[in-house]
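# Structural characterization, general
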Amino acid sequence: MTTSTPEVTAADVRAAATRLEGVVHRTPVLRSRTLDARVGAEVFLKCENLQRVGAFKFRGAYHAASRLAPERLARGIAAYSSGNHAQAVALAARELGTTAVIVMPEDAPRSKVAATAGYGAEIVTYDRYSGDRAAIAEALAAERGLTLIPPYDHPDVVAGQGTAALELLEETGELDALVVPVGGGGLIAGSALAAKDLHPGIRVVGVEPEAGDDTRRSLAAGRRISVPVPRTIADGQAITTPGELTFAVNRRLVDAVVLVGDEEIREAMRFAFERLKTVVEPSGATPLAALLTGRVTPLPRRIGVIVSGGNVDAERFAELCGHGA
C-alpha cells in the first residue's frame, strides 16, 4: 500500500459478520481427545478447510467485493494470489454478478488454478521468483479499469477474515490462546482484533514456516522486514514482506510468532488425516504443527486454532504425506 495506512477495528469485524451472514459457511469447531492428550490442553479447531472455496479467504474477498460501489463492481475486479485468495475472489465475482482477473504464479498448485478457472475467472501467470505480482496486478487493473482486491492488505479483507475467530469464540467462550497461521497477516490481524476485543487477556500466537519468517523478524525489529521468496511446502505462506496495514495491527496485538519446518507440517497433515479424519493443506496445518511440536509456550489450558484451508489435491497430498515423503 502506498497511501497512509487505514484503520480497521473490532467493530469492523462485527459489521463484516453481519454482512457475511448467510453467505459464508459457519464452519464447525472440531474437538479430539487424542489431540488434547498429545498437546496437553483443550484444543478447539475452527475448520475453515470446510469453508466455501476450501479456505477462510472467501470471507475477506466477498466482504471487500460486496462493499464496492455498484459501478465499480460492474467494471470487474482483479487480484493476485498463489491460490486460495484467487479462488475466493473468483467465486465472489461470480456470486456478485461481475468478472475477475487473477494473477497467479506459474507454479501454483494445479488444483487451485483449476478451481479458480472453474469459478469463471481469467488467469494471468507470472514467475514468483522473478516477477512482482502486485505490480503486475496493479498495472493490469489500471489498464482495464478493474478494482484490485489484495489478498490481505485491505481493511475490508482484514475485517472479513476476522469473522472466523469471532465465530470460534462465540461457540467456545473464553480461550487462553488463539493460534493462527501467518502469511501476509490478514487472518491473524482480523483474528487478533476480534479476540482481544472479546477477551483482552487472550494470547494470540502466529505460526510461520521456517523458510518464510518475515513477520517474526518484523515484529522483533519493530518494522517490516523482507525475506527472500520462501521455498516451502506451505505455498499460502510464501510471502516476502508483511502487509503495511496488517503489520500495524499485528505489532499491537500479536503476542508471539513461532516457526515450524516442512517435515513438521507434513506430520501435522498426516495427524489431521489419520486421527482427526480431515484434510488440511500445508499452510492450514502450521498451527497444528506448532502445537504437536510444543512450540507454543507456556502451554495454555484452552487453545483455539484457525485451520485456514484444505485445498490440496489427492496427488499432492500423497506426495507430501505418503510413506515415501
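Below you will find a few notes about this structure.

Calculation criteria
- Residues numbered from 1 in each chain as written.
- Predicted model: local features only at pLDDT ≥ 70, side-chain atom pairs only at ≥ 80, totals over all residues.
- Heavy atoms only, no water.
- Helix = DSSP H or I, 4+ residues; strand = E, 2+ residues; numbered from the N terminus.
- Buried < 20%, exposed > 50% of the residue type's maximum accessible area, 1.4 Å probe, protein only.
- Polar contact = N/O pair within 3.5 Å; in protein donor to acceptor, adjacent residues only side chain to side chain.
- Contact = heavy atoms within 4.5 Å.
- 1 Å grid on protein atoms, 1.4 Å probe; cavity = no way out; pocket = protein on both sides within 12 Å on 5 of 7 lines; lining within 4 Å.
- Points joined across faces, edges and corners; volume = space filled by probe spheres on them.
- Nonpolar A, V, L, I, M, F, W, Y, C, P; charged D, E, K, R; others polar.

## What to know about unusual backbone geometry
- Note the cis peptide between Thr-297 and Pro-298, where omega equals -10 degrees.
- Position of Pro-298 relative to the elements: it lies in the loop between helix 13 (282-292) and strand 10 (302-307).
- Although it is not a glycine, Val-53 sits at a positive phi angle of roughly 65 degrees.
- Examined against the element boundaries, Val-53 turns out to sit in the loop between strand 2 (42-47) and helix 3 (57-66).
- The class of Val-53 is buried, set by a relative accessible area of 7%.
- With a phi close to 60 degrees, Lys-277 is a non-glycine residue in the positive phi region.
- Mapped onto the elements of the fold, Lys-277 is located in the loop between helix 12 (262-275) and helix 13.
- A residue is classified by how much of its surface remains accessible, and Lys-277, at 67% relative accessible area, is exposed.

## A few points about the side chain of Glu-167
- Within the secondary structure, Glu-167 sits in helix 8 (residues 155-172).
- The exposure class assigned to Glu-167 is buried, which follows from its relative accessible area of 10%.
- Reaching out from Glu-167, the side chain makes a polar contact with the side chain of Lys-46 at a distance of 2.7 Å.
- Those residues in contact with Glu-167, other than ones at most four positions away along the chain, are Val-24, His-25, Arg-26, Thr-27, Lys-46 and Arg-59.

## Describing the layout of surface pockets
- Each pocket or cavity is described by its volume, and for the second largest pocket that value is around 380 Å³.
- The wall of the second largest pocket is formed by 23 residues, among which Asp-107, Pro-109, Ile-233, Asp-235 and Arg-316 lie closest to the centre.
- Counting only elements with at least two residues in the lining of the second largest pocket, the list comes to helix 6 (110-118) and helix 14 (314-321).
- For the lining of the second largest pocket, the element with the most residues is helix 14, which contributes four residues.
- Here the lining of the second largest pocket is composed, by residue class, of nine nonpolar, three polar and eleven charged.

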